[in-house]
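# Structural description and commentary
Chain residues, written in single-letter form:
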Amino acid sequence: MIKEYLENINIKETNEQLVSLKSYALTNNVPIITDDGIAFIKQIINIKGVKKVLEIGTAIGYSSINMALYSDCTITTIERDNEMYDKAIENIKNGNLQDRITVLNQDALEVDESTLGKFDLIFIDAAKAQSIKFFNKYKTCLNNQGLIITDNLLFHDLVVTPIKDRNLKQLVRKIDTFNKFVVEQMDFDTYIYSIGDGMSLSIKKDVIK
Ligand code: SAH
Ligand code: MG
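Criteria and thresholds
- Residues numbered from 1 in each chain as written.
- Chains lettered and ligands numbered in written order.
- Predicted model: local features only at pLDDT ≥ 70, side-chain atom pairs only at ≥ 80, totals over all residues.
- Heavy atoms only, no water.
- Helix = DSSP H or I, 4+ residues; strand = E, 2+ residues; numbered from the N terminus.
- Rg over C-alpha atoms; globule rule 2.2 N^0.38 Å.
- Buried < 20%, exposed > 50% of the residue type's maximum accessible area, 1.4 Å probe, protein only.
- Contact = heavy atoms within 4.5 Å.
- Areas by Shrake-Rupley, 256 points an atom, 1.4 Å probe, with all protein chains shown as cover.
- Lys, Arg positive; Asp, Glu negative; His and termini not counted.
- Charge placed at Lys NZ, Arg CZ, Asp CG, Glu CD.
- 1 Å grid on protein atoms, 1.4 Å probe; cavity = no way out; pocket = protein on both sides within 12 Å on 5 of 7 lines; lining within 4 Å.
- Points joined across faces, edges and corners; volume = space filled by probe spheres on them.
- Nonpolar A, V, L, I, M, F, W, Y, C, P; charged D, E, K, R; others polar.
- Axes fitted to C-alpha atoms, helices over the stretch in contact; angles between N-to-C directions.
- Parallel < 35°, antiparallel > 145°, perpendicular 65-115°, else oblique.
- Left-handed = near helix turned anticlockwise from the far one by under 90°.
- Salt bridge = Lys/Arg side-chain N within 4 Å of Asp/Glu carboxyl O.
- Near = heavy atom within 4 Å.
- Polar contact = N/O pair within 3.5 Å; in protein donor to acceptor, adjacent residues only side chain to side chain.
- Expected span 1.5 Å × (residues − 1).
- Arc of directions from axis to C-beta.
- Disulfide = S-S within 2.5 Å.

Turning our eyes to something else, we now look at the overall build of the chain. A tally of regular secondary structure across the chain gives 7 helices and 7 strands. Secondary structure elements in the chain, listed N-terminal to C-terminal, are α-α-α-β-α-β-α-β-β-α-β-α-β-β. In terms of C-alpha radius of gyration, the chain reaches 17 Å, essentially the compact-globule figure of 17 Å for 209 residues. Out of the 209 residues in the chain, the part that is buried amounts to 44%. Within the chain, residue pairs in contact and separated by at least 24 positions form 67% of the contacts whose partners lie at least 6 positions apart. When the accessible area of the chain is evaluated, it comes to approximately 11,900 Å², of which 52% is carbon and sulfur surface. With 25 positive and 29 negative side-chain charges, the chain shows a separation of 5 Å between the mean positions of the two kinds.

This is the structure:
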């Protein structure tokens, strides 16, 4: 109810490409970010003056294109699935954003992160069971006071729902483990919000010299 109320009140997206990508995602079951989730990220990008974003999990490029359209940041985004990668490349070209968004067609666990440079914001939105690995691997690519945002931490509220299916149960347990892990990282100030499907915001603490 609250969700619908806010959905009606908040200004709706009018950019034609974003509207059409969203409906494509809906019909093709591509799990793109929610409206409030992307609004949260875009406002953080603009408040913080984020210039370089690393995204793990491109899918069709919806979140990348969205960030690029509403800020002046450049984005590196990683997608392992070939079909998704092709779609993302096509969409980024259509949006004329190929100068600002670079898509790597690789498994994010196999990328040599030391070659990527440094980022102000890392958005983790790939295989949900791997979030701890992504966090530990890619935190080395953060600038001081850089941010890590991780998506889908409530997993459609399944983190608080009894589950019978064994595989699903295992996946949800891993998400719960990530949530407990992420708030405990002493080199970050983290809070988990019930925005969208659940998102954590982790701010890297200043290195004391
Ligand atoms: N960020 C996108 C949605 C990403 S959906 C948006 O909001 O618009 C998650 C994507 O992560 C899927 O396309 C999946 O193929 C990709 N993915 C999952 N595990 C991955 C991995 N280890 N490396 C790279 N991509 C991965
Ligand atoms: Mg997501």
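One pass over the structure, following the stated rule, counts 1 cavity of 30 Å³ or more. A volume near 30 Å³ is recorded for the largest cavity. Forming the boundary of the largest cavity are Lys128, Ser131, Asp151, Asn152, Leu153 and Ile175. Residue composition of the lining of the largest cavity, grouped by class: 2 nonpolar, 2 polar and 2 charged.

Contact geometry of helix H3 (residues 35-48) with helix H4 (residues 62-69) gives a least axis separation of 10 Å together with a crossing angle of 40°. With respect to H4, the axis of H3 lies oblique. Here H3 runs over H4; the crossing is right-handed. Touching Asp35, Ile38, Ile41, Lys42 and Ile45 of H3 are Tyr62, Ser63, Asn66 and Met67, all from H4. Here the residues of the contact of H3 with H4 are counted per class, giving 5 nonpolar, 2 polar and 2 charged.

Once that is clear, we can look at the pattern of salt bridges. Tallied over the entire structure, the rule returns 8 salt bridges. Note that lysine 180 and aspartate 176 form a salt bridge whose closest N and O atoms lie 2.7 Å from each other. Residue lysine 180 and its partner aspartate 176 are located together in helix H7 (residues 166-184), separated by 4 residues, close to a single helical turn.

Another aspect to go through is the site of ligand 1. Ile33, Gly57, Glu79, Ala108 and Asp125 are the nearest of the 21 residues found near ligand 1. In this structure, a nitrogen atom belonging to ligand 1 sits 2.8 Å away from a side-chain N or O atom of aspartate 125. For ligand 1, a nitrogen atom lies 3.2 Å from a polar atom in the backbone of alanine 127. Across the shell around ligand 1, the residue classes break down as 11 nonpolar, 4 polar and 6 charged.

Side chains three or four residues apart in an α-helix point the same way, a direct result of the helix having 3.6 residues per turn. With 13 residues, helix H5 (residues 82-94) extends 18 Å from end C-alpha to end C-alpha; this agrees with the ideal 18 Å at 1.5 Å per step. Those residues of H5 that sit buried are Ala88, Asn91 and Ile92. One face of H5 carries all of its buried residues, which in axial projection span an arc of 100°. Exposed positions of H5 whose direction lies more than 90 degrees from the buried face are Asn82, Glu83, Lys93 and Asn94. Of the surrounding elements, those touching the buried residues of H5 are helix H2 (16-27), H4 and strand E3 (101-104). If you check the start of H5, you find a side-chain oxygen 3.2 Å away from the backbone N of glutamate 83, and it comes from aspartate 81. Backbone geometry just downstream of H5 places asparagine 96 in the positive-phi region, at approximately 55°.

The subject of this paragraph is the state of the cysteines. One way to say it: the disulfide is the covalent bond shared by the sulfur atoms of two cysteines. A complete count under the given rule lists 0 disulfides for this structure. Free cysteine: cysteine 73, not disulfide-bonded; nearest cysteine sulfur from cysteine 141 at 16 Å. Accessibility expressed as a relative area gives 0% for cysteine 73, which makes it buried. Among the residues examined, cysteine 141 registers a relative accessible area of 1% and is labelled buried.

As far as function goes, none of this settles anything; it's purely spatial.
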